[in-house]
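Listed below are the residues making up each chain.
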Amino acid sequence: MSIRYLKAGLLVVLALVLVSPAYAEPAPLVRISSENGPSHVQTRLLQRFVDNVRARAGDRLVIDFQHSGNLFRDRDIVSALQQGKVEMALPGTWQLDRFDPNIGALLLPMFYGRDATTTDRLLDGDMGREVNRRLEEVLGLHVLGRWMHLGFAHLYTLDRPVRRQDEIAGLRIRTPGGEVNNRRLAAMGAEVITVPWPDLPQALRIRRVDGLLSTHATVASERLWAHGVRYCFEDRQYFPQYVPLFSDLFWSRLSPDLRDILTSTWEELVDEGRREAAVAQEAARRELLEHGVKIIQPDAKDLRVWRNRLVESQMQWAVDMGIDIELVSILRRNLGD
């Protein structure tokens, strides 16, 4: 056999080896992290997203979804995304103002006691797109689409009921994070304490805290009445939402059709997920009542009075935190204030 034919044969064999399945480029790995437990509305939405993406993408994506903080706690998730240690997460807005102060504008006192439709009207339009653009620029991450609701955050207490806003003074309140949350509660006289969610049941049992800022569904998902929660002051402190974030490095490497699958799958779930979140919050409210948690609703007039009182400080908070003053002014105008 001549050298020429031998070389040709070797090239054919090499080509066959390189295109064989064993040498095919592996499918991208999508690690998705959630701090919440399996029954939480956020975890259930992410699981549905994962199931739908798997059905559409098949073996072109490998998805590893872990909840209950098994990968990362939410306080660390932005760094994990930036470093490529995880590809997707759905952190709450209260976790993001440390990185982009403008997110804190959505937690300012002008939103205290408002209804959910007010926030949706602002964030589902041009204002929301601008907020997302700024967030992507600051974080170096990709915002997948519209935000997912959690539901209103209220105050829950152990041994001391709150019937009026002035009874918050002196209470040690656990917050999930967020500088504006801390300032708002401090302005109402509370001592603010930050406790990671997985550590909260123990903090409640030993009375390290007197209460917490949370939502009906979140409290019910961990059965916090079993750890001492007895009262809820349903004052709609703010409207927590989840922001779908992807590692920008990972996103930039995806093919356009895989990006489209992820984007369209999320968009198709948002409205459904928001409705389910509202239903879950109402069901959780009933569950709290069934387990002896007394829910106290503040007077509408008191909500307005305290919102106006707190709003007097919000521009200074914005300056201190580096929130764009023009953004605050635009939001106030859109709210009709």
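Everything discussed here concerns the structure shown above.
Keep in mind the model is a prediction, meaning the values are calculated, not measured. (Residues numbered from 1 in each chain as written. Predicted model: local features only at pLDDT ≥ 70, side-chain atom pairs only at ≥ 80, totals over all residues. Heavy atoms only, no water.)

**Student:** When you look at the packing of aromatic side chains in this model, what are you seeing that I'm missing?
**Tutor:** Centre-to-centre distance and the angle between the planes together describe a pair of aromatic rings. Tallied over the entire structure, the rule returns six aromatic pairs. Taken together through their ring pairs, the aromatic side chains of Trp 94, Tyr 238 and Tyr 242 make up a single cluster. The ring of Phe 152 carries the charged tip of Arg 236 above its face, separated from the ring centre by 5.6 Å. (Phe/Tyr/Trp six-rings, centres within 6.5 Å; stacked < 30°, edge-to-face > 60°. Lys NZ or Arg CZ within 6 Å of the ring centre and 35° of its normal.)

**Student:** Sorry, what's going on with the sheet that holds strand E10 (residues 231–238) here?
**Tutor:** The strands making up a sheet associate through hydrogen bonds between their backbones, and the pairing can be parallel or antiparallel. Strand order in the open sheet formed by six strands is E8-E7-E9-E6-E10-E13, with mixed pairing between adjacent strands. Both edges of this open sheet fall to strand E8 (191–194) and strand E13 (294–296), since each of them pairs with a single strand only. Averaged over all pairs of adjacent strands, the angle between their axes in this sheet comes to 30°, without regard to strand direction. Sheet analysis places strand E6 (residues 153–157) next to E10, joined by four bridges and oriented antiparallel. Of the residues in E10, the one forming a bridge with Leu 155 is Phe 233. (Pairing = 2+ DSSP bridges. Helix = DSSP H or I, 4+ residues; strand = E, 2+ residues; numbered from the N terminus. Axes fitted to C-alpha atoms, helices over the stretch in contact; angles between N-to-C directions.)

**Student:** What is the right way to look at the sheet that holds strand E4 (residues 141–143) in this model?
**Tutor:** Pairing is mixed across the open sheet formed by five strands, whose spatial order is E2-E1-E3-E12-E4. Only two strands of the sheet have a single partner each, and these edge strands are strand E2 (62–66) and E4. The pairing of E4 with strand E12 (residues 245–247) spans three bridges and is antiparallel. Within E12, the residue paired with Val 143 across the bridge is Leu 245. Each of strand E1 (29–33), E2 and strand E3 (88–89) touches helix H2 (residues 41–57); the most contacted strand, E2, lies at about 170° to it. (Contact = heavy atoms within 4.5 Å.)

**Student:** What's the story with the pattern of salt bridges in this structure? I'm lost.
**Tutor:** A side chain with one charge can pair with a side chain of the opposite charge if their charged atoms come near. In total, this model carries 25 salt bridges according to the counting rule given. Salt-bridge contacts for Asp 159 lead to Arg 207; the nearest nitrogen and oxygen are separated by 3.0 Å. You can see Asp 159 sitting in the loop between E6 and strand E7 (172–175) and its partner Arg 207 sitting in the loop between helix H7 (200–205) and strand E9 (211–214), a full 48 residues away along the chain. Judged by its relative accessible area of 56%, Asp 159 falls in the exposed class. (Salt bridge = Lys/Arg side-chain N within 4 Å of Asp/Glu carboxyl O. Buried < 20%, exposed > 50% of the residue type's maximum accessible area, 1.4 Å probe, protein only.)

**Student:** I tried to follow a nonpolar patch on the surface on my own but got confused; where do I start?
**Tutor:** On the surface, Met 315, Val 319 and Ile 325 cluster together into a nonpolar patch covering about 220 Å² of accessible area. Its location among the elements puts Val 319 in helix H11 (residues 300–321). (Patch = residues over 30% accessible without salt bridge, like charges linked within 9 Å, V, L, I, M, F, W, Y side chains within 5 Å. Areas by Shrake-Rupley, 256 points an atom, 1.4 Å probe, with all protein chains shown as cover.)

**Student:** How do you make sense of the packing of H11 against helix H12 (residues 325–335) when you look at a structure like this?
**Tutor:** Taken N-terminus to C-terminus, the directions of H11 and H12 make an angle of 150°; their axes are 9 Å apart at the nearest point. With respect to H12, the axis of H11 lies roughly antiparallel. When H11 is examined against H12, the residues Val 311, Gln 314, Met 315, Ala 318 and Val 319 are found in contact with a partner set consisting of Ile 325, Val 328, Ser 329 and Arg 332. In terms of residue class, the contact of H11 with H12 is built from six nonpolar, two polar and one charged. (Parallel < 35°, antiparallel > 145°, perpendicular 65-115°, else oblique. Nonpolar A, V, L, I, M, F, W, Y, C, P; charged D, E, K, R; others polar.)

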